[in-house]
Each structure stands twice: as structure tokens, then as C-alpha cells.
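Architecture and fold: a report
Read off the chains here:
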Amino acid sequence: KWNSIVTKIIGEKVVSESSDGSEVDAIDFDQEKAYVTGIQLSNVETGEETVLPTSAVFVAIGHTPATSFLKGIVEFDEEHQGYIKTIGRSTKTSVPGIFAAGDVSDATYRQAVTSAGSGAAAALDAERWLSEEGLGNEQAEFEAELLAELMADGMEKDDSVGYNIYDDAGGRIEGLRESARVEL
């Protein structure tokens, strides 16, 4: 029902029976089993209380993004209050180096799964921006140095063919196919 909030989830407990067939009175509320039978709604405009029968409840934590700390710093979407405006289909904002993703920039879907994808896009945009600014990727540089060091250590052996990972695993494994073909 529109303009209503859930004030109570209504349910019934699953009655447990003891081994002799009688009902169990002592209930461990951490272990109590119950099922949903309905919800109590309160209309925010009229205050009217109603009960809606239902067998499931999905809880959302709200639709207003917590972006007030960025007011005066980045541009906001004029059509959707509180949402950060992004440039085109990217996660770039009006300020270079600040990216917006998920619930703070998506006024349409507002779902965790789309936010996760948007977050991945923001990470890629941020990584690209850092690279363009010459700030580099310390992790990749560290990994490259470590790999070079490991390869140098491995080359101390008289090995003209280079590094073979199968040697570290106990030698080359014969008779196993590295690919399989599936016929439909």
C-alpha cells in the first residue's frame, strides 16, 4: 500500500512437541522457529493502521543516499534529490578523482546487485584515472618486482628452458588432458 510503512511483522511460532507428545513451554528465542502471516501497516499521511496478509517480507534500508557530506563539492542530479550526477555512462563526477557508484548515483534501480556492478565500474574508472595522472599502481609494481625476484632466484639452477610450474608440483603430470570437449 502506497504511503505506508511497516510497523510490525506478524507471525506465528512453530509449536514444538517434546518426545512424549506434549507441547514445550520453554522457548529459546534465539532458536525459536516462526513463520510470517502478515504485516501491520501505518499510512504516513492519515495514520490509519491496516493488516496485510503475506507469507514473506523483504526489508529495504531506505532510498535516500547519504551524500550530504559532498554538497558544494560535486554536482548533484537536479531531478533526484541527494543523488550524485555522473558524466555519461561512467562513474565520473564533476570533480576529477571523485567517482560515484551504486545507491548514491542510481536513482532508477537502487538494488544491491546493480550497486555491486556499479562499484566494480567505479573501481576501473578510478584505476584508469590514477594511471592517467601518473599515480601508478603500487600493488602491481610490488607484484612485478616480486615476480622478477622469484624468477631470478629460480634461474640460479642450470635450467635452459625456464621455469616450469609442474616441477614445483612434483613433476610433469602425464596422461591428463588440459581441455575437454563436450558434445551436445
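Please read these numbers as outputs of a predicted model, since none were measured by experiment. (Residues numbered from 1 in each chain as written. Predicted model: local features only at pLDDT ≥ 70, side-chain atom pairs only at ≥ 80, totals over all residues. Heavy atoms only, no water.)

1. A few points about the overall build of the protein
A count of helices and strands for the protein gives three helices and three strands. Listing each helix as α and each strand as β along the protein from the N terminus yields β-β-β-α-α-α. A total of 184 residues make up the protein; the buried ones form 12% of that total. If you sum the accessible surface of the protein, you get close to 15300 Å²; carbon and sulfur atoms cover 53% of it. (Helix = DSSP H or I, 4+ residues; strand = E, 2+ residues; numbered from the N terminus. Buried < 20%, exposed > 50% of the residue type's maximum accessible area, 1.4 Å probe, protein only. Areas by Shrake-Rupley, 256 points an atom, 1.4 Å probe, with all protein chains shown as cover.)

2. Regarding a negative patch on the surface
A surface patch of like charges, here negative, comprises Glu138, Glu141, Glu145, Glu149 and Asp153. Structurally, the position occupied by glutamate 141 is in helix H2 (residues 138–154). (Patch = residues over 30% accessible without salt bridge, like charges linked within 9 Å, V, L, I, M, F, W, Y side chains within 5 Å. Salt bridge = Lys/Arg side-chain N within 4 Å of Asp/Glu carboxyl O. Lys, Arg positive; Asp, Glu negative; His and termini not counted. Charge placed at Lys NZ, Arg CZ, Asp CG, Glu CD.)

3. A closer look at the pairing of strand E3 (residues 49–53)
Looking at chain direction, strand E2 (residues 34–43) and E3 are connected through five bridges and run antiparallel. Residue pairing in the sheet places glutamine 40 in a bridge with valine 51 of E3. (Pairing = 2+ DSSP bridges.)

4. Some remarks on the pattern of salt bridges
Under the definition given, this model contains two salt bridges. Measuring nitrogen to oxygen at the nearest pair gives 3.7 Å for the salt bridge that ties glutamate 75 to lysine 85. Of the two residues, glutamate 75 is situated in the loop between E3 and helix H1 (112–132) and lysine 85 in the loop between E3 and H1; the sequence distance between them amounts to ten residues. On the basis of relative accessible area, glutamate 75 is assigned to the partly exposed category, the value being 43%. Classification of lysine 85 by relative accessible area gives partly exposed; the value is 42%. For arginine 128, the salt bridge is made with aspartate 125, and the minimal N-O distance between the two is 3.4 Å. Linking arginine 128 with aspartate 125, this pair stays in helix H1, spanning three residues, or about one helical turn. The buried category is assigned to aspartate 125, whose relative accessible area is 11%.

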